[in-house]
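Each chain is listed here by its residues.
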Amino acid sequence: MSQAQANADIFRAIADPTRRAILDRLRAGPAPVNALAEDFAQTRPAISKHLRVLREAALVTEQRSGRERLYQLEPQRLQPIASWIEGYRGFWLSSLNNLKRYLEDE
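Residue numbers restart at each chain and count upward from 1, following the sequence in its written direction. Under the rules for a predicted model, residues below a pLDDT of 70 receive no local features and side-chain atom pairs below 80 are neither given nor counted, while totals for whole chains, interfaces and linings still include all residues. Values reported for side chains reflect all heavy atoms of the structure, with hydrogen atoms and water molecules removed beforehand.

Asks: When you look at the confidence of the model for the chain in this model, what are you seeing that I'm missing?
Replies: Interpretation of this model should avoid reading the predicted coordinates in detail wherever pLDDT is low. Residue-level pLDDT values for the chain average 89, and 92% of them are 70 or greater. Element-level mean pLDDT values for the chain span from 73 in helix α1 (residues 3–14) up to 96 in helix α2 (residues 17–26). You can read pLDDT as the predictor saying how much it trusts each residue, on a scale of 0 to 100. Strands are runs of DSSP state E lasting at least 2 residues, helices are runs of H or I lasting at least 4, and numbering of each runs from the N terminus.

Right, here's the structure in full:
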């Protein structure tokens, strides 16, 4: 898989609000699927599908512990997104400063 395809998978994975919420939940530490499913109104199979998308994008890892599967956040995989967003920070700061100057000159 090329780097562009891998990044596209990351963007697709975080496009869904439930998957973003799962990532937020996993910032607190690894959790089994049942514990994650309790935090959502969706069914356990639906949460499992979301976890599969996150796993395929390498945003979470899965580790078996007995009969349970623990999911853990892989935050370094979000770095390409953070870098992409950071590229727009200067643009927005400049645009807001220009707007401020314009409004103050009025």
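Now that the structure has been shown, the text picks up again.
Asks: Can you walk me through the environment of L93 in this structure?
Replies: With respect to the helices and strands, L93 occurs in helix α5 (residues 79–105). Take L93: its relative accessible area is 49%, and that puts it in the partly exposed class. Once the C-alpha coordinates of L93 and L54 are considered, the two residues, 39 residues apart in sequence, prove to be 32 Å apart. Burial status follows relative accessibility: with a 1.4 Å probe on protein chains alone, a residue under 20% of its type maximum counts as buried, one over 50% as exposed, and anything between as partly exposed.

Asks: Looking at this structure, how should I read the packing of α2 against helix α4 (residues 44–56)?
Replies: Relative orientation and spacing of two packed helices are given, respectively, by the angle between their axes and the distance between those axes. Think of each axis as a best-fit line through the C-alpha atoms, taken over the contacting stretch in the case of a helix, with angles from 0 to 180 degrees between the N-to-C directions. The N-to-C vectors of α2 and α4 enclose an angle of 80°; their axes lie 10 Å apart at closest approach. In terms of axis orientation, α2 runs roughly perpendicular to α4. Along its contact with α2, which presents T18, R19, I22 and L23, the element α4 presents I47, H50, L51, V53 and L54. Under the grouping applied here, Gly and all other residues not named as nonpolar or charged are polar, the nonpolar ones being Ala, Val, Leu, Ile, Met, Phe, Trp, Tyr, Cys and Pro and the charged ones Asp, Glu, Lys and Arg. Its residues assigned to classes, the contact of α2 with α4 shows six nonpolar, two polar and one charged. If an angle is under 35 degrees, it is roughly parallel; if it is over 145, roughly antiparallel; if it lies from 65 to 115, roughly perpendicular; otherwise it is oblique. Contacts are assigned to residue pairs with any non-hydrogen atoms lying within 4.5 Å of each other.

Asks: What am I meant to see in the environment of R69 here?
Replies: Within the secondary structure, R69 is located in strand β3 (residues 68–73). Judged by its relative accessible area of 34%, R69 falls in the partly exposed class. Each C-alpha atom of the pair R69 and P30 lies 9.8 Å from the other, and the pair is 39 residues apart in sequence. Those residues within four positions of R69 in sequence are excluded, and the remaining contacts are A31, P32, V33, E62, Q63 and R64.

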